[in-house]
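This is what each chain is made of:
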Amino acid sequence: MDRPVLLHVAILLALTALGVGTARAASPTPSPARQAQLIHLVRQDCGACHGMQLSGGLGPSLSPAQLADRPDSSLVATVLQGRPGTPMPGWQAFLSASEAGWIITQLKQGFPPLPPCDPPAATC
Amino acid sequence: MRPTRRHLLSLGASLALAACAHVPSPSPSPSSPPAGGPAQDTPPLRGTGDLGLVIERASGSVQLVEHSGRSALARITGLGDLSHAHVVFSRDGRYAYVFGRDGGLTKVDLLEARIDARVIQAGNSIGGSISQDGRLVVAQNYSPGGIRVFDARTLAPIADIPAEYAPGKVSRVVGLADLPDQRFAYALFDGNEIWVTDLSDPVHPSTTRYPAGRQPYDGLATPDGRYFLAGLFGEDGVSLLDLWHPERGSRKILTDYGQGSEKLPVYKMPHLRGWAQAGGEIWLPGVGRHELLAVDARSWQQTARIPLLGQPVFAMARPDGRQIWVNFAFPDNDWVQVIDTDTRQVIHSFSPGKAVLHMEFTPRGDEVWISARDSHEVLVMSTRDFSPRARLPAQSPSGIFFGHRGQRIGM
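Just so it is clear, the model here is predicted, and its values are computed rather than measured.

### Concerning the overall build of chain B
Now for step 1: The secondary structure content of chain B amounts to 1 helix and 34 strands.
Now for step 2: Burial statistics for chain B: of 411 residues in total, 60% are counted as buried.
Now for step 3: A separation threshold of at least 6 residues defines the contact pool for chain B, and within that pool the share at least 24 residues apart is 45%.
Now for step 4: Accessible surface, chain B as shown: approximately 16,100 Å² in total, 52% of it carbon and sulfur.

### Here we look at the sheet that holds strand β22 (residues 277–278) of chain B
Now for step 1: Spatially, β22-β23-β24-β25 (chain B) is the arrangement adopted by the 4 strands of the open sheet, whose pairing is antiparallel. The sheet is open, and its two borders are formed by β22 and β25 (302–307) of chain B, each paired with just one other strand.

### As for the interface of chain B and chain A
Now for step 1: Residue-level contacts link 28 residues of chain B with 28 residues of chain A.
Now for step 2: When the two sides are added together, the surface that chain B and chain A hide from each other amounts to roughly 2,300 Å², 57% of it contributed by carbon and sulfur.
Now for step 3: If you sort the residues of chain B by the area they bury against chain A, Y267, F330 and H376 of chain B come out on top, with a joint share of 26%.
Now for step 4: Run the count over chain B and chain A and you get 10 residue pairs in polar contact (both at pLDDT 80 or more).
Now for step 5: Residue classes in the side of chain B that touches chain A are distributed as 11 nonpolar, 8 polar and 9 charged.

### Here's the deal with the confidence of the model for chain A
Now for step 1: Per-chain confidence: chain A averages 84 in pLDDT, with 78% of residues scoring 70 or above.
Now for step 2: Residue range residues 9–26 of chain A is modelled with pLDDT below 50. Its contacts to residues more than four positions away, or to other chains, number 0 contacts.

### Some thoughts on helix α2 (residues 32–50) of chain A
All names here are of chain A.
Now for step 1: Of all the bends in α2, the greatest measures close to 30° and is centred on L41.
Now for step 2: When we look at burial in α2, the residues that qualify are L38, I39, H40, L41, V42, R43, Q44, D45, C46, G47, A48 and H50.
Now for step 3: Just downstream of α2 lies G51, where phi reads positive at about 85°.

### Brief notes about the nonpolar core
Residue and element names in this part refer to chain B.
Now for step 1: Counting residues in hydrophobic clusters, the biggest one holds 38 residues, and the most contacted among them are L229, I253, L254, L284 and W300.
Now for step 2: Secondary structure elements with two or more residues in this core: β14 (173–179), β15 (183–188), β16 (193–198), β18 (216–221), β19 (227–232), β20 (238–242), β23 (281–285) and β24 (291–296).
Now for step 3: In terms of residue count, β19 provides more of this core than any other element does, 4 residues in total.
Now for step 4: Residues lining this core come from more than one domain, with at least three contributed by each of domain 1 (121–264) and domain 2 (269–351).
Now for step 5: In this structure W300 touches Y227, L229, L240, R251, I253, I282 and V295, once residues within four positions along its chain are discounted.

### Considerations on the packing of aromatic side chains
Now for step 1: A full pass over the atoms with the stated rule returns 12 aromatic pairs over all chains.
Now for step 2: Through pairs of rings, three or more aromatic residues link up here, namely W91 and F94 of chain A together with Y267 and F330 of chain B.
Now for step 3: Here K107 of chain B stacks its cationic end above the ring of Y95 of chain B, 4.2 Å away from the centre of that ring.
Now for step 4: Seen from the ring of F233 of chain B, K263 of chain B lies directly overhead, with NZ or CZ sitting 5.7 Å from the centre.

Conventions adopted
- Residues numbered from 1 in each chain as written.
- Chains lettered and ligands numbered in written order.
- Predicted model: local features only at pLDDT ≥ 70, side-chain atom pairs only at ≥ 80, totals over all residues.
- Heavy atoms only, no water.
- Helix = DSSP H or I, 4+ residues; strand = E, 2+ residues; numbered from the N terminus.
- Buried < 20%, exposed > 50% of the residue type's maximum accessible area, 1.4 Å probe, protein only.
- Contact = heavy atoms within 4.5 Å.
- Areas by Shrake-Rupley, 256 points an atom, 1.4 Å probe, with all protein chains shown as cover.
- Pairing = 2+ DSSP bridges.
- Buried area = accessible area lost by both parts, 1.4 Å probe.
- Polar contact = N/O pair within 3.5 Å; in protein donor to acceptor, adjacent residues only side chain to side chain.
- Nonpolar A, V, L, I, M, F, W, Y, C, P; charged D, E, K, R; others polar.
- pLDDT = per-residue confidence, 0-100.
- Bend = angle between axes of the 7 residues up to and from the residue.
- Core = buried A, V, L, I, M, F, W, Y, C linked by side-chain atoms within 4.5 Å.
- Domains from an automatic or database assignment.
- Phe/Tyr/Trp six-rings, centres within 6.5 Å; stacked < 30°, edge-to-face > 60°.
- Lys NZ or Arg CZ within 6 Å of the ring centre and 35° of its normal.

Structure follows, in structure tokens:
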């Protein structure tokens with residue numbers, strides 16, 4: 001391999017790394033505090049229709065088995081934009097795309113439980 | 001193997017103390033037991049007219065409360081998934097029937113603060129009702145879709161009525177309400193119908209079907225049991241059935257409501273079950289609109305539209321009908337608004353805590369109990385001057401149910 005080609009590869013590699021880095025920066029994993037808020041939101045407020053155990057209600061079950069065959073991108077779109085013709089509203093006023101993505105990842109793995117007293121309070 | 005019923009009753013009192021974590025009560029200790037009486041084995045003699053349950057939705061527990069002294073008496077655990085729980089009461093006031101999301105149906109003895117009987121009756125349930133004669137408890141289920149009938153004394157199954165609206169197609173059931181003459185009305189969210197099931201011969205139920213409109217999301221029987229209303233999500237309007245004249249069929253009211261305007265997102269479905277009949281009008285939450293609607297209960301014409309700060313969930317009439325109290329869907333669920341039905345004005349807007357889920361009036365409406373899920377607290381307020389009277393700690397409280405519901409139609 002001659003030097004110009006090597007240089008080329010090196011630059012490409014660098015750009016790729018930079019690209020990956022940029023992508024990561026655009027969809028960061030939510031902070032632990034935000035994750036706690038998201039777990040609360042999903043279990044308590046999504047739970048209004050999907051059930052606190054996410055086993056379904058007026059909204060369908062959100063169990064890992066139920067979601068396994070659905071591509072992440074379509075599930076994220078449902079969370080953010082809702083599903084016309086059903087009661088599912090879009091949540092994009094409250095969630096970023098990366099937060100919706102984190103929720104979908106967690107749902108597919110089995111969603112984390114609520115801590116015993118959530119949100120924390122002196123009364124419990 | 002279950003012990004006999006008599007055995008359970010005698011065991012119950014002593015077990016109650018062990019099984020239930022007693023919640024500290026702000027009221028003075030109960031009066032002394034009779035001389036020579038077994039102090040710790042016999043629950044204090046008391047009436048049931050001021051008892052109720054507060055659902056603790058995240059922990060599968062309920063608190064037994066009394067509203068004369070505004071205090072918690074006991075916590076009863078082991079009731080399963082209590083998201084969207086509902087409670088009805090036996091006519092003697094002693095027992096509460098708690099319907100859980102996971103299909104659990106639990107009969108709670110309010111006097112002994114313990115579970116008397118419990119069955120898992122379905123996979124996914126959203127509530128239930130009790131018959132006019134108090135002998136039948138009926139659960140409404142999403143999965144398997146339909147209603148199921150149980151003996152109120154033993155919880156033994158009596159009848160199963162699948163909501164099969166087309167061959168092989170079973171609907172989720174909403175809005176179940178008890179009616180006079182051992183009948184029950186309910187709506188089929190997927191089947192777009194209202195069904196009325198006559199359980200006067202419970203082993204041989206007979207069901208009459210009526211068209212409802214698209215996606216009925218909840219139902220309501222008027223306090224006299226004459227009318228059943230089903231709110232529609234999939235189209236504008238409310239479906240109405242006159243049970244004095246079922247032969248006339250169902251009809252739609254409020255069909256022009258909100259025509260042409262874009263619906264707002266609904267982050268939590270409104271509930272119609274609020275006793276919101278007041279002064280000859282029925283007050284309903286708008287769906288997809290931040291409004292409260294009043295409808296004349298004779299002409300069924302819309303009489304008022306009150307703008308509110310968010311999507312109403314419950315619109316509950318104070319028992320005298322002078323006020324309507326409204327709570328809201330996410331993200332406005334930290335708020336409550338009070339409407340004067342005479343002036344049709346919002347007379348009070350306030351935040352009783354975080355994530356307000358439910359309100360329950362004392363039987364004659366002097367006070368209201370409000371659950372604030374994320375404040376882990378139940379607030380007791382005067383409805384006359386809106387001053388706080390008490391705050392009771394509770395874990396993620398949701399529904400509050402007082403025993404006087406057992407004496408009313410359609411609860």
